[in-house]
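Residues per chain, in single letters:
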Amino acid sequence: MRERVVITGLGAVTPLGNDVPAMWGALLAGRSGVAPITLFDASTINVRIAAEVKQFDPVALFGRRDARRHDRFTLFALEAARQAIADSGLRFDEGLKWETGVLIGTAIGGILTLLENYEVLQTAGAHRVSPFMIPMMMPNAASGSVAIAYGLRGPNISVASACATGAHAIGEAARIIRRGDARVMICGGSEAVIAPLALAGFGNMGAISTRNDEPEKASRPFDAQRDGFVMGEGAGVLVLESLDHALKRDARIYAELVGYGATADAFHITAPEESGLGAARAMELALKDAGLAPEEVDYINAHGTSTPLNDRVETRAIRLVFKSHADRLAVSSTKSMMGHLMGAAGAVEALVCVKSLETGWVHPTINYEYPDPECDLDYVPNHARQLNHRIALSNSFGFGGHNACLAFRRWEGQ
């Protein structure tokens with residue numbers, strides 16, 4: 001009998017709200033978080049829209065000193081972790097600190113700090129570069145900073161697998177608990193890459209939407225008129241616990257993480273393999289890990305980026321796995337409302353699956369107006385839906401051919 005893993009705490013900082021209730025309410029309302037960029041003057045680049053985190057004041061949250069010593073992605077992670085830990089009701093005595101780990105990933109890390117200090121180097125000289133630059137920009141800064149904040153001495157790791165990062169972080173954290181290396185894991189993903197250089201790079205790849213005149217309609221997963229993803233930012237953090245530990249402390253349990261699958265396309269550094277076999281295999285492995293038949297799945301939170309190739313391939317992969325049952329699945333894309341949070345996307349979308357199972361509601365895929373014959377599933381178009389579902393999958397796929405799938409089960413007692 002392997003150790004069962006449950007979710008007992010949730011925290012989020014997103015373009016739709018800086019806590020879980022605000023985010024979840026906006027998702028069910030079908031509200032878009034995409035708008036013209038305000039973080040910098042975007043008038044000189046061809047991408048002028050993004051899904052920014054709004055009204056986030058790190059000085060009010062952490063004080064001026066600490067706000068200056070962390071990159072924006074780490075600040076997002078610290079706040080999401082604070083929420084998740086408070087939500088879980090955990091109290092870290094000295095023994096539990098040794099049995100609690102942190103695994104928070106990022107796709108890119110502290111690029112804002114890197115760009116700022118490169119500008120300082122060019123304009124003021126090497127002596128003015130911040131001594132905090134390296135610890136601020138390193139990808140493991142979020143995991144390390146959360147552990148320091150709470151004195152957590154268990155396994156402390158960071159992962160970077162592009163847009164699959166958040167899902168990999170949660171899946172690997174669950175495996176740490178299952179093999180007995182920790183009883184609690186604080187896990188998820190964080191990202192803050194809304195900067196001219198990043199947007200120019202993605203824009204020149206042709207991966208990002210340039211629907212600048214209609215920002216709220218720019219992210220339109222599975223729609224025939226989709227033209228690329230919208231850059232987002234934020235963080236999602238979950239508290240995972242062994243079931244035994246959660247029950248002993250009488251914790252509130254949101255859902256159970258029952259399966260995890262990870263594969264590689266081994267095909268192309270940015271494009272998914274056209275057949276969808278890698279993505280399909282990740283879903284199959286998650287179902288096998290969970291001991292579930294495809295027919296038991298009710299809902300899939302799709303990767304659903306709003307890029308022409310990804311949405312077509314993901315639809316194909318779902319049909320490979322679920323065959324005729326695919327027509328009975330509810331499938332929706334969180335990215336239709338909050339854009340693509342990169343390394344944080346898989347974590348926030350896993351959190352969305354947990355909330356969906358807890359509440360019995362599935363959020364819509366907004367901006368679905370023109371059906372694409374190659375994307376022919378039930379994408380829960382434009383309006384939230386009540387659904388008495390027990391099993392939900394969360395798909396995440398990343399540049400480099402990284403595929404991850406998480407399987408969650410509604411908590412109904414032991």
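Note: the structure precedes this text.
Residues numbered from 1 in each chain as written. Predicted model: local features only at pLDDT ≥ 70, side-chain atom pairs only at ≥ 80, totals over all residues. Heavy atoms only, no water.

### Some words on the overall build of the protein chain
A tally of regular secondary structure across the protein chain gives 15 helices and 14 strands. Seen through its C-alpha atoms, the protein chain measures out along the principal axes to roughly 65 × 55 × 40 Å. Here the protein chain holds 414 residues, and the buried ones make up 59% of them. Of the contacts formed within the protein chain by residues at least 6 apart in sequence, a portion of 79% connects residues at least 24 apart. When the accessible surface of the protein chain is totalled, it reaches about 15900 Å², and 52% of it is carbon and sulfur. When the 39 positive and 46 negative side-chain charges of the protein chain are each reduced to one mean point, those points stand 4 Å apart. (Helix = DSSP H or I, 4+ residues; strand = E, 2+ residues; numbered from the N terminus. Buried < 20%, exposed > 50% of the residue type's maximum accessible area, 1.4 Å probe, protein only. Contact = heavy atoms within 4.5 Å. Areas by Shrake-Rupley, 256 points an atom, 1.4 Å probe, with all protein chains shown as cover. Lys, Arg positive; Asp, Glu negative; His and termini not counted. Charge placed at Lys NZ, Arg CZ, Asp CG, Glu CD.)

### Looking at helix H15 (residues 345-359)
For H15, with 15 residues, the first-to-last C-alpha span of 21 Å sits near the 21 Å given by 1.5 Å per residue. Here H15 lies mainly inside the structure; 13 of its 15 residues are buried. Looking one or two residues beyond H15, the residue adopting positive phi is Gly360, at roughly 80 degrees. (Expected span 1.5 Å × (residues − 1).)

### Observations concerning unusual backbone geometry
Even without being glycine, Lys323 reaches a positive phi, approximately 50 degrees. For Lys323, the position within the fold is in the loop between helix H13 (308-322) and strand S10 (330-332). Of note in this structure, Asn382 is not a glycine but carries a positive phi near 70 degrees. By the secondary structure assignment, Asn382 is in the loop between strand S11 (361-362) and strand S12 (385-386). According to the relative accessible area criterion, Asn382 is partly exposed, its value standing at 31%.

### Considerations on the environment of Ala86
Within the secondary structure, Ala86 sits in helix H4 (residues 72-88). Residues Ala86 and Gln122 lie 36 residues apart in sequence; the distance between their C-alpha atoms is 43 Å.

### Quick look at the pattern of salt bridges
The tally for this structure, following the rule as stated, stands at 31 salt bridges. Between Asp289 and Arg2 there is a salt bridge, with the nearest N and O atoms lying 2.6 Å from each other. Of this pair, Asp289 sits in helix H12 (residues 277-290) while Arg2 is found in the segment before strand S1 (5-13), placing the two residues 287 residues apart along the sequence. In this structure, the salt-bridge partner of Arg410 is Glu412, at a minimum N-O distance of 2.6 Å. Given a relative accessible area of 48%, Glu412 falls into the partly exposed group. When salt bridges with common partners are traced through the structure, they connect Glu274, Arg312, Arg316 and Glu374 into a single cluster. (Salt bridge = Lys/Arg side-chain N within 4 Å of Asp/Glu carboxyl O.)

What is shown is where atoms sit, not what they do.
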